[in-house]
Amino acid sequence: MPAFAIAHLPTPQETEEAKITSRALAKYAHNDRLHLKIANPPHEADDLILPGYALNLLLDILTEMSKGNAITVMPIHAELSTQETAELLNVSRPHLVALLEQGKIPFRKVGTHRRVLAKDVFAYKQGIDADRLQALHELTAQAQELGMGYE
């Protein structure tokens, strides 16, 4: 498993610290950038500028940690094995291989092994999620037309 995919389950102390820190940072979530001063007395102090996107990403990480959840950060250009890809999509590896061979997700071969870019996995997942949402809207509309459900 690549280093970026190693998940760390937060300790109770880390969970509590994440909760406190996320609450403190949440009031700045709407900012385009955030100026931070980081101090480690008595020796070091640094002034940092945190871009708004990075702040929101950090808030997402801290929020999940505060719930006791493990987090994994993955670069969009990462190449994944078929097993890693199947785990991300929550499907079996044979089903994933069928999707790859049908051309539904781009891949390349390295020897006999298939490699899939994380960005292609996320694009596929976004597409199927959109399709599911559209189907749900259509079913809801049909149910309303037929007078099904609560009145």
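Note that the structure is predicted; figures quoted are calculated from it, not measured.

Draft legend 1. Representation of the sheet that holds strand β4 (residues 108-110). What the three strands build is an open sheet, ordered β3-β5-β4; its pairing is antiparallel. The sheet is open, and its two borders are formed by β3 (79-80) and β4, each paired with just one other strand. Contacting β3 and β5 (113-117), helix α5 (residues 118-145) crosses the sheet at an angle of about 70° to β5.

Draft legend 2. Region of interest: the packing of helix α3 (residues 82-89) against α5. Following both chains from N to C, one finds α3 and α5 inclined at 30°, their axes separated by 11 Å at the closest point. Comparing their axes, α5 and α3 come out roughly parallel. Note that α3 runs across α5; the crossing there is right-handed. Here T85, L88 and L89 of α3 come into contact with α5, specifically with V121, F122, Y124 and K125. Of the residues in the contact of α3 with α5, the class split is five nonpolar, one polar and one charged.

Draft legend 3. Region of the structure containing the side chain of S66. Its place among the elements puts S66 in helix α2 (residues 52-66). Residue class for S66 comes out buried when judged on its relative accessible area of 15%. Apart from the residues lying within four places of it in its own chain, the contact partners of S66 are T15, A18 and K19.

Draft legend 4. Quick peek at the domain arrangement of the chain. When its domains are assigned, the chain resolves into domain 1 (12-67) and domain 2 (79-146). On a C-alpha basis, the centroid separation for the pair domain 1 and domain 2 is 33 Å.

Draft legend 5. Local environment of the pairing of strand β2 (residues 44-51). Two elements, strand β1 (residues 33-40) and β2, share eight bridges in a ladder whose sense is antiparallel. Within the sheet, the bridge partner assigned to R33 lies in β2 and is P51. Between β1 and β2, which pair antiparallel in sequence order, lie three residues.

Draft legend 6. Molecular detail of the pattern of salt bridges. Taken as a whole and assessed by the stated rule, the structure comprises seven salt bridges. For E64, the salt bridge goes to K67, with nearest N and O atoms at 3.8 Å. Accessibility expressed as a relative area gives 28% for E64, which makes it partly exposed. Judged by its relative accessible area of 56%, K67 falls in the exposed class. When salt bridges with common partners are traced through the structure, they connect K125, D129 and R132 into a single cluster.

What counts and how
Residues numbered from 1 in each chain as written. Predicted model: local features only at pLDDT ≥ 70, side-chain atom pairs only at ≥ 80, totals over all residues. Heavy atoms only, no water. Pairing = 2+ DSSP bridges. Helix = DSSP H or I, 4+ residues; strand = E, 2+ residues; numbered from the N terminus. Contact = heavy atoms within 4.5 Å. Axes fitted to C-alpha atoms, helices over the stretch in contact; angles between N-to-C directions. Parallel < 35°, antiparallel > 145°, perpendicular 65-115°, else oblique. Left-handed = near helix turned anticlockwise from the far one by under 90°. Nonpolar A, V, L, I, M, F, W, Y, C, P; charged D, E, K, R; others polar. Buried < 20%, exposed > 50% of the residue type's maximum accessible area, 1.4 Å probe, protein only. Domains from an automatic or database assignment. Salt bridge = Lys/Arg side-chain N within 4 Å of Asp/Glu carboxyl O.

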